[in-house]
Amino acid sequence: MLFQQSLFIIKNRQRRFSAAAIFTIIANLNVTMVLVVLLVMFLNSCITRRQNAQNHEVDKELSPYQRYIGSSLILVLHGAWAAKEVRLFHLKDFFANRLYEKRCEADQISMKSAKNSLNADSYAIRHLNLTLPANQRLCIVGNNGSGKSTFLKLLTRLYFPTEGEILLNGVNINEYDYEKYQGLFAPVFQDYSLYQLSLRENITFSDKNDNDDEILRLCRECGLLDLIERLPHGLDTSVYKFFDEEGFEPSGGEGQKIAIARALYHNSDVYLLDEPTAALDPVAEYEIYTQFHHLIHNKTAVLITHRLSAVQLADRVAVFQDGRVMEYGTHAQLYAKGGIYTEMFDKQAGFYREAASVKEEDCTFKQVD
């Protein structure tokens, strides 16, 4: 991770190096590399001393001080070589956390001219400019492969932009402590995971004595209360049966509800939802979105969805295409524009109308004489 940050800083040739940026590069120097340089310098001084001794006919033997330093360097060199993954005194953590500590709150996140390359000839994200103000809900729509999920992974520093930069409150996100920065986000990705633990632990990810009332409230709002009431041990029932025969096998929809409850439980500043209701039926999807909208009324949220009914709950809509934001605005503004978004919305609405008319015809019975 530090190595990638250093490459990013050097490749972009930033004009002004901050303290955190400089020490991020320094921290990548392996102890072994530093000691090798010191050893070379020591040997060079020894050679110079011998040459001077030959020219001036002085003592050719090493001084006790030189012998002591040389043997110490060799011993330390062997130890560092055995632990070559050790970073130089963790300088990055020391300076980032103490000398360059910043207030890590998601007031405003901006992505400026960001690019993320898949290979030398193609980009998942290209020249993307987008600002996410605090307490705003952004809905991202677009075809598969348009860069929606890559955008979220760049935002959370799971990916690094190959060009451009991402700013949090006007500061490059690489200048914040990595763990503190990631603590701003509560993501629910498409490839969420459930673990061979109790349902309680899958939601809280904690071994503390958590408040059951709070957990049950979130489960009720995420549609999990009926499931909990059916389980033999309630919240303490094991997910899956690998370790416990009394465990349960959650369905796809139940798994997504657990993942959403997990995100809500940690009460982060920014919620990231990458098609969180893909496995839910329309009724459950509507209930989840309505409750979720109520729960995050004072939070920032980014929602990726293919079901355009969800855009009604968003403050802004961004239409992605080929790694760029092609349209941006409210639902009413984009629909009135008559562009990409209008075409997508009409096609989906038309599909639902056709499905409804077919169902109505199936339920119509002709009178038989």
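Residues numbered from 1 in each chain as written. Predicted model: local features only at pLDDT ≥ 70, side-chain atom pairs only at ≥ 80, totals over all residues. Heavy atoms only, no water.

Examining the sheet that holds strand E3 (residues 137–142)
Piece 1. Taken in spatial order, the six strands of this open sheet run E6-E7-E8-E3-E9-E10, and their pairing is mixed. Only two strands of the sheet have a single neighbouring strand rather than two, namely strand E6 (185–188) and strand E10 (324–329). Taking each pair of neighbouring strands and ignoring which way they run, the sheet shows an average axis angle of 15°.
Piece 2. With five bridges connecting them, strand E7 (residues 270–274) and strand E8 (residues 300–304) associate as parallel partners. Across the sheet, residue Asp274 finds its bridge partner in E8, namely Ile304.
Piece 3. Sheet strands touched by helix H11 (residues 252–265): E6 and E7. Its angle to E6, the strand with the most contacts, is close to 175°. (Pairing = 2+ DSSP bridges. Helix = DSSP H or I, 4+ residues; strand = E, 2+ residues; numbered from the N terminus. Axes fitted to C-alpha atoms, helices over the stretch in contact; angles between N-to-C directions. Contact = heavy atoms within 4.5 Å.)

Some points on the environment of Ala349
Piece 1. Among the secondary structure elements, Ala349 is positioned in helix H14 (residues 340–362).
Piece 2. Under the relative-accessibility criterion, Ala349 is labelled buried at 16%. (Buried < 20%, exposed > 50% of the residue type's maximum accessible area, 1.4 Å probe, protein only.)

Considerations on the nonpolar core
Piece 1. Counting residues in hydrophobic clusters, the biggest one holds 45 residues, and the most contacted among them are Val141, Leu199, Ile203, Leu264, Tyr271 and Tyr341.
Piece 2. A total of seven residues in this core trace back to one element, the largest contributor, which is H11.
Piece 3. Those residues within four positions of Ile203 in sequence are excluded, and the remaining contacts are Ile215, Cys219, Ile258, Ala261, Arg262, Tyr265 and His266.
Piece 4. With 28 residues, the next largest nonpolar core counts Ile109, Ile125, Leu128 and Ile166 among its residues. (Core = buried A, V, L, I, M, F, W, Y, C linked by side-chain atoms within 4.5 Å.)

Here we look at a nonpolar patch on the surface
Piece 1. Together, Tyr195, Leu197 and Phe205 line one region of the surface with nonpolar side chains, adding up to about 280 Å² of accessible area.
Piece 2. Looking at Phe205, the relative accessible area reads 47%, which means it is partly exposed. (Patch = residues over 30% accessible without salt bridge, like charges linked within 9 Å, V, L, I, M, F, W, Y side chains within 5 Å. Areas by Shrake-Rupley, 256 points an atom, 1.4 Å probe, with all protein chains shown as cover. Salt bridge = Lys/Arg side-chain N within 4 Å of Asp/Glu carboxyl O.)

Some points on the pattern of salt bridges
Piece 1. Taken as a whole, this structure holds seven salt bridges when the rule is applied.
Piece 2. The partner of Arg230 in a salt bridge is Glu254, and the shortest N-O contact between them spans 3.7 Å. Remark: Glu254 occurs in helix H11 and Arg230 occurs in helix H10 (residues 225–230); sequence separation between them is 24 residues.
Piece 3. What makes Glu254 buried here is its relative accessible area of 18%.
Piece 4. Each of Arg200, Asp212 and Asp236 takes part in salt bridges that share partners, so that together they form one network.

Some details on the sheet that holds strand E4 (residues 163–168)
Piece 1. An order of E2-E1-E4-E5 is seen for the four strands of this open sheet, with the pairing classed as antiparallel. On the outer flanks of this sheet lie strand E2 (123–133) and strand E5 (171–172), each paired with one strand and no other.
Piece 2. Relative to E5, E4 runs antiparallel, the two being bridged by two bridges. By the bridge assignment for E5, Leu168 is matched with Val171.

Considerations on the side chain of Glu275
Piece 1. Of note, Glu275 is situated in the loop between E7 and helix H12 (282–295).
Piece 2. An unpaired buried charge is present at Glu275: no salt bridge exists, and Lys148, the closest side chain of opposite charge, is 5.7 Å distant.
Piece 3. Here the side chain of Glu275 touches His306 through a polar contact of 3.5 Å, side chain to side chain.
Piece 4. Not counting chain neighbours up to four residues away, the residues in contact with Glu275 comprise Gln190, Gln256, Ile304, Thr305 and His306. (Lys, Arg positive; Asp, Glu negative; His and termini not counted. Polar contact = N/O pair within 3.5 Å; in protein donor to acceptor, adjacent residues only side chain to side chain.)

A closer look at the pairing of strand E9 (residues 316–321)
Piece 1. As paired strands, E3 and E9 are joined by five bridges and run parallel to one another. Counterpart to Leu138 in the pairing with E9 is Arg316.
Piece 2. Where E9 and E10 come together, five bridges link them in antiparallel fashion. When the sheet's bridge partners are listed, Gln321 is paired in E10 with Arg324.
Piece 3. Adjacent in sequence and paired antiparallel, E9 and E10 are bridged by two residues, among which Asp322 carries a positive phi angle near 55°.

Keep in mind that these numbers describe shape and distance, not what the molecule does.
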